[in-house]
Amino acid sequence: MNLAQHRFFKATDPELSRVVRISAPFPEWLNPFWRDDVIIRAASISGEIEHSKVYVAREILLGPIREGLVTQDTVIKEATSGNTGHGLAKICKALGMRCQLIMPAGTARGKVNAISVMGGGIELVLHSDPSETVVERARREGAQDGCFNPDQYGTWRNPWAHKAYLAPKLFQSAGPISLLSVASGTMGTSMGLKQYVDEHGLSTRVLPVILEEHNEVPGARP
């Protein structure tokens, strides 16, 4: 069977889904800049897609399958803090492939449980070795015979997925945007949106936002 033509990939094509939802303008009491006629809106994943890493996981696996780098017998090994791993696990489960996800030992229990319950073929490894990061381990083990590391932290397909699926629907729904503030982890979302802005000659500024050191959100990050 040609894995790239599997019905799961057809059923999860982001082009056929509503990817983004735009809120109503924030009321004055939530908008500190309303006196300057600044309008603030929130953008979120619509619900037809569980989270933005679903289409990222789809692309970082579907691309290597199309290129012949991954077969049904390949063991997928990926470093993740939750959502990309969850997306990869769902895809591998549907395709009947094995998947080993390497997560930091301090990952929130809810994210660990969401993957742990997926059962046969999906293995979760909690990593706590200070001499090697989870990303380094996934890359090392993914280079072994019969294994493959999609490498969400290094592949161009991560930002490309956001540029191809999120960006067009975001700008179509929201209209002109002066400043686009983006929570950042792998930086894939910020990079993809910036690439879209540059390629379309837009004046939008993309502002990646990261947590100040020692102010991490409890439960979401160690």
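A brief report on the enclosed structure follows. Since we're looking at a predicted model, the values are computed, not measured.

### As for the overall build of the protein
Item 1. If you tally the helices and strands in the protein, you get 7 helices and 8 strands.
Item 2. Taken against the 2.2 N^0.38 rule, which gives 17 Å for 222 residues, the C-alpha radius of gyration of the protein at 19 Å falls within 12% of a compact globule.
Item 3. Principal axes of the C-alpha set define a box for the protein whose edges measure 60 × 40 × 30 Å.
Item 4. Within the protein, buried positions represent 45% of all 222 residues.
Item 5. When contacts within the protein are restricted to residue pairs at least 6 apart in sequence, long-range pairs at least 24 apart make up 65% of them.
Item 6. Of the roughly 12,300 Å² that the protein leaves accessible, carbon and sulfur atoms contribute 52%.
Item 7. Within the protein, the 23 negative side-chain charges are centred at a point lying 6 Å from the centre of the 24 positive side-chain charges.

### Quick notes on unusual backbone geometry
Item 1. A positive phi angle, near 65°, is found at Asp37, a position not held by glycine.
Item 2. Topologically, Asp37 is positioned in the loop between β1 (20–22) and β2 (43–45).
Item 3. A positive phi angle, near 75°, is found at Met187, a position not held by glycine.
Item 4. Looking at the element boundaries, Met187 is found in the loop between β7 (179–183) and α7 (188–199).

### Section: the nonpolar core
Item 1. By size, the foremost hydrophobic cluster in this structure holds 42 residues, and its most contacted members are Tyr55, Leu61, Ile65, Ile76 and Leu193.
Item 2. Where this core is concerned, the elements lending two or more residues are α2 (53–66), α3 (83–95), β4 (98–104), α4 (109–116), α6 (157–174), β7 and α7.
Item 3. Looking at this core, the element that brings in the most residues is α2, giving 7 residues.
Item 4. Residues contacting Ile76, with those up to four places away along its chain left out, are Leu61, Val70, Cys92, Met97, Arg98, Cys99, Gln100, Phe148 and Pro150.
Item 5. Counting residues in each nonpolar core, the second largest holds 5 residues, with Ala79, Ile102, Val135 and Ala138 among its members.

### What to know about the packing of aromatic side chains
Item 1. Within the structure shown, the criterion is met by 5 aromatic pairs.
Item 2. With a centroid separation of 5.9 Å and an interplanar angle of 80°, the aromatic rings of Trp160 and Tyr165 are classed as edge-to-face.

### Overview of the pairing of strand β8 (residues 205–209)
Item 1. Pairing between β7 and β8: 5 bridges, direction parallel. Bridge assignment links Leu179 to a residue of β8, and that residue is Arg205.
Item 2. For the handedness criterion, the β-α-β arrangement of β7, α7 and β8 is classed as right-handed.

### Overview of the side chain of Lys169
Item 1. If you trace the backbone, Lys169 turns up in helix α6.
Item 2. Notably, Lys169 is buried but unbridged: the nearest opposite-charge side chain belongs to Glu15, and the N-O separation is 4.9 Å.
Item 3. One polar contact links the side chain of Lys169 to the main-chain carbonyl oxygen of Pro14, over a distance of 3.0 Å.
Item 4. At a separation of 2.4 Å, a polar atom in the side chain of Lys169 contacts the main-chain carbonyl oxygen of Ser17.

Each value, and the rule that gives it
- Starting from 1, residues in each chain are numbered consecutively following that chain's sequence as written.
- Note on the predicted model: pLDDT of at least 70 is required for a residue's local features to be given, and 80 or more for side-chain atom pairs to be given and counted; whole-chain, interface and lining totals, by contrast, use all residues.
- For the side-chain quantities, the full set of heavy atoms in the structure was used; hydrogens and water were omitted.
- Going along the chain from the N terminus, every DSSP run of H or I of four or more residues is numbered as a helix, and every run of E of two or more is numbered as a strand.
- The atom set for the radius of gyration is the C-alpha atoms, and the globule formula is 2.2 Å times the number of residues raised to the power 0.38.
- The buried label applies to any residue whose accessible area, calculated with a 1.4 Å probe on protein chains only, is under 20% of its type's maximum; exposed applies above 50%, and partly exposed to all values in between.
- Whether two residues touch is decided by their heavy atoms; if any such pair falls within 4.5 Å, the residues are in contact.
- Under the convention used here, a 1.4 Å probe and the Shrake-Rupley method define accessible areas, while residue burial counts only the protein chains that appear.
- Under the convention used here, Asp and Glu are negative, Lys and Arg are positive, and both His and the chain ends fall outside the count.
- Each charge is placed at NZ for Lys, CZ for Arg, CG for Asp and CD for Glu.
- Put simply, buried Ala, Val, Leu, Ile, Met, Phe, Trp, Tyr and Cys residues joined by side-chain atoms within 4.5 Å make one nonpolar core.
- Between rings of Phe, Tyr and Trp, where Trp is taken as its six-membered ring, a pair exists when centres lie within 6.5 Å; planes separated by under 30 degrees are stacked, by over 60 edge-to-face, and by other angles tilted.
- Any two strands between which DSSP finds at least two bridges are classified as paired.
- For crossovers, right-handed means that the path from the first strand over the helix to the second runs clockwise, given strands pointing away from the viewer.
- Definition used for salt bridges: Asp or Glu carboxyl oxygen within 4 Å of a side-chain nitrogen of Lys or Arg.
- Two N or O atoms count as a polar contact when they lie within 3.5 Å, although within protein this holds only if one can serve as hydrogen donor and the other as acceptor, and sequence-adjacent residues are included solely when both atoms are side-chain atoms.

Purely geometric numbers; function is a separate question.
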